[in-house]
Amino acid sequence: MSDEDREIQDRTRRFVDEDLIPWEGHAEANGGRIPEEEHAAHKAKAKELGLFAMNMPEELGGGGMTTFQQVLVSEQIGRVTNGLGWCVHTPPAWAPDVVSREQLERWIIPAIRGERHECYAITEGGAGSDVDAIRATARRDGDVYVLSGEKMHVTSYNTADWIFFQGKIADGPNAGAHAMFFVDKDTPGVRLVREPAYTHTYPDSHAVVAFDDVRVPASHLIGDEGDGLAFTYAWFRYERLMIAARCCGAAERLIDEATAFAKERVQFGEPIIAFQAIQHMLADSLTELWAARLMTYELAKNIDRGVDVKVQHAQCSMAKLYASEMAGRVADRAVQIFGGRGYMRENVAERFWREVRVDRIWEGTSEIQRNIVADQLVKRGARTLVG
Ligand SMILES: Cc1cc2nc3c(=O)[nH]c(=O)nc-3n(C[C@H](O)[C@H](O)[C@H](O)COP(=O)(O)OP(=O)(O)OC[C@H]3O[C@@H](n4cnc5c(N)ncnc54)[C@H](O)[C@@H]3O)c2cc1C
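Right, let's walk through the structure included here. Since the structure is predicted, the reported quantities are computational estimates derived from the model, not experimental observations.

### Overview of the site of the ligand
The ligand sits among 17 residues. The nearest are Thr123, Ser129, Thr155, Thr365 and Glu367. For the ligand, a nitrogen atom lies 2.7 Å from a polar atom in the side chain of threonine 155. Elements that contribute at least two residues to the shell around the ligand include exactly strand E3 (144-155) and helix H10 (366-380). A total of three residues in the shell around the ligand trace back to one element, the largest contributor, which is H10. Residues that form the shell around the ligand fall into these classes: seven nonpolar, eight polar and two charged.

Next comes the structure, spelled out in structure tokens:
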């Protein structure tokens, strides 16, 4: 770590410890919500600290951080529960290179400033892991595209004001090709179907959203017809790495909290840290955290070094797979160390136990990550991927 890297890490850690963690209990007790002025203050501070849009180019108003620095920030953000860390927002880093000037000014730059907010509508009832199975369509009609379909798990639909919509071109020479569009949420035909409850207690919803013949100007198409999947994969790679980083942060917090508790909690006349069964759970957790962290840091540095994108793809899958499964084991052990208190929602271990579960599911399940790794192993060999 350079001095600058360490300073960024320290700055983020202080923000998480002093401003965000104190609100966890309130958020959990209030459906993930904290007072609006407090949320605004968190967002303003994230901007002041240079963390907001850290992944976007400086010339557009973003933080311009290296991938490694972004991992250091995300790791600290991972130490807080209830989605409180989402005040450090990262708009789509793949976008500036591919969007038009009009799109940049209308959606991306306002997102970097925190004035507008996006959500992603890709997954459908019949298309989850198999993204290519989507049935949503985009039909060209003169100067407009008509978008139709129903999407689910649309995260942050309640806080977003525009949507990345992915559909297949309905007819013409590119029929069946994936295409991605900017869709303002208030466009006629965009309809909230329902906002189901999920396992974690977050303020952001995961909505089912219908697109009933939504007409958008052709200028809302991103890139060309057929480019949609490439943008989604770029986003997957980024998010998989950041999930790995957040899982390392979660594990560190869990280990710290469980160790502190074990040193204080007395049973049979002794602090429970004296029992080897407890020590071993902590030792295994720390060892696995170290492995996940080294993997995540090395991957981030590889990306900064410009390693081949296919190798990045496999390494992002390995880091996400290992770190998310590690965090699940660490959270489970932390609950065990806290005993009955670990089953109470006011306890950090209980919240993380629920929250890190989704890290094995979203942005590609553990099974899909293994498929990607195995596929790349067959094509490229172990030495290329981990040599
Ligand atoms: C909280 C949350 C937020 C989300 N946010 C968004 C969002 O903002 N936008 C969005 O578009 N999507 C979002 N998603 C969707 C998410 O990306 C999908 O849930 C995920 O990709 C898995 O798809 P699925 O749920 O349909 O599971 P399925 O694909 O139905 O999988 C079910 C099971 O089968 C296994 N499986 C499937 N295929 C294979 C295979 N080839 N080999 C081995 N096993 C296989 C899976 O691993 C899993 O265990 C979100 C999901 C959640 C839970």
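### What to know about the nonpolar core
One finds Trp94, Ile108 and Ile337 to be the most contacted residues of the largest nonpolar core, which totals 86 residues. Ranked by residues supplied to this core, first place goes to helix H6 (residues 228-264) with 19 residues. Once residues within four sequence positions are removed from consideration, isoleucine 337 is found in contact with Ala258, Phe261, Ala262, Ile272, Ile278, Met281 and Leu282. Residues Ala138, Ala160, Ile163 and Ile169 belong to the second largest nonpolar core, which totals 23 residues.

### Regarding helix H9 (residues 348-355)
Residues spaced three or four apart along an α-helix face the same direction, because each turn holds 3.6 residues. Counting buried residues along H9, seven of its eight residues qualify, which places the element largely inside the surrounding structure. Within the span of H9, buried status applies to Val348, Ala349, Glu350, Arg351, Phe352, Arg354 and Glu355. On its buried side, H9 packs onto helix H2 (24-29), H6 and helix H8 (309-338). Of the residues that open H9, the one with a side-chain oxygen 2.7 Å from the backbone nitrogen of alanine 349 is asparagine 347.

### Overview of the environment of aspartate 284
Within the element layout of this structure, aspartate 284 appears in helix H7 (residues 276-305). Relative accessible area serves as the criterion here: at 42%, aspartate 284 is assigned to the partly exposed category. Aspartate 284 sits 251 residues away from arginine 33 along the chain, and the two C-alpha atoms are 34 Å apart.

### So, the environment of arginine 360
You can see arginine 360 is positioned in the loop between H9 and H10. Arginine 360 sits 206 residues away from valine 154 along the chain, and the two C-alpha atoms are 17 Å apart. Apart from the residues within four sequence positions on either side, arginine 360 is in contact with Lys320, Ser324, Glu325, Gly328, Thr365 and Ser366.

### Here we look at helix H1 (residues 3-20)
Spanning 18 residues, H1 covers 25 Å between terminal C-alpha atoms, matching the ideal 26 Å at 1.5 Å per step. Along H1, the positions that sit buried rather than exposed are Asp5, Ile8, Gln9, Arg11, Thr12, Phe15, Val16, Asp19 and Leu20. Viewed along the axis of H1, the buried residues span an arc of 160°, placing them on a single side of the element. In H1, the exposed positions angled more than 90 degrees off the buried face are occupied by Asp3 and Glu18.

### Considering the side chain of arginine 79
Looking at the secondary structure, you find arginine 79 in the loop between helix H4 (67-77) and helix H5 (101-113). Discounting residues that sit within four places of it in the chain, arginine 79 has contacts with Arg13, Val16, Asp17, Ile21, Glu24, Gly249, Ala250, Glu252, Arg253 and Phe352.

### Examining the side chain of threonine 67
Looking at the secondary structure, you find threonine 67 in helix H4. Exposure remark for threonine 67: the relative accessible area of 13% places this residue in the buried category. Those residues in contact with threonine 67, other than ones at most four positions away along the chain, are Leu241, Met242, Ala300, Ile303 and Asp304.

### Quick look at the pairing of strand E2 (residues 137-141)
Where a strand is regular, its side chains alternate between the two sheet faces. As paired elements, E2 and E3 share five bridges and run antiparallel to each other. What sits directly across from aspartate 141, in E3, is valine 144. Hairpin connection between E2 and E3: a loop of two residues separates the two successive antiparallel strands, and glycine 142 in this loop has a positive phi of roughly 65°. Pairing of E2 with strand E4 (residues 162-169) involves two bridges; the strand directions are parallel. Counterpart to threonine 137 in the pairing with E4 is lysine 168.

### Structural notes on the state of the cysteines
Taken as a whole, this structure holds zero disulfides when the rule is applied. Among the cysteines around cysteine 119, which has no disulfide bond, cysteine 87 carries the closest sulfur, lying 19 Å off. Sulfur of cysteine 316: no disulfide; nearest cysteine sulfur belongs to cysteine 248 and is 13 Å away. Cysteine 316 gets classed as buried once you look at its relative accessible area, which sits at 1%.

### Focus: the packing of H6 against H8
Here H6 crosses H8 at 25°, and the two axes come no closer than 8 Å. Classed by the angle they form, the pair H6 and H8 counts as roughly parallel. Judged by the sense of rotation from one axis to the other, the crossing of H6 with H8 is left-handed. The residue makeup of the contact of H6 with H8, split by class, is 23 nonpolar, four polar and four charged.

### Considering the packing of aromatic side chains
Per the stated rule, a full pass over the model turns up 18 aromatic pairs. Consider the rings of tryptophan 162 and phenylalanine 164, whose centres lie 4.9 Å apart with planes at 75°: the pair is edge-to-face. When the ring of phenylalanine 165 is compared with that of phenylalanine 211, the centres are 4.6 Å apart and the planes differ by 55°; the resulting orientation is tilted. Within this pair, whereas phenylalanine 165 is found in strand E4, its partner phenylalanine 211 is found in strand E7 (residues 206-217), the two being separated by 46 residues in sequence. Assessed through its relative accessible area of 0%, phenylalanine 165 is described here as buried.

Basis of the calculations
- Residues numbered from 1 in each chain as written.
- Predicted model: local features only at pLDDT ≥ 70, side-chain atom pairs only at ≥ 80, totals over all residues.
- Heavy atoms only, no water.
- Near = heavy atom within 4 Å.
- Polar contact = N/O pair within 3.5 Å; in protein donor to acceptor, adjacent residues only side chain to side chain.
- Helix = DSSP H or I, 4+ residues; strand = E, 2+ residues; numbered from the N terminus.
- Nonpolar A, V, L, I, M, F, W, Y, C, P; charged D, E, K, R; others polar.
- Core = buried A, V, L, I, M, F, W, Y, C linked by side-chain atoms within 4.5 Å.
- Buried < 20%, exposed > 50% of the residue type's maximum accessible area, 1.4 Å probe, protein only.
- Contact = heavy atoms within 4.5 Å.
- Expected span 1.5 Å × (residues − 1).
- Arc of directions from axis to C-beta.
- Pairing = 2+ DSSP bridges.
- Disulfide = S-S within 2.5 Å.
- Axes fitted to C-alpha atoms, helices over the stretch in contact; angles between N-to-C directions.
- Parallel < 35°, antiparallel > 145°, perpendicular 65-115°, else oblique.
- Left-handed = near helix turned anticlockwise from the far one by under 90°.
- Phe/Tyr/Trp six-rings, centres within 6.5 Å; stacked < 30°, edge-to-face > 60°.

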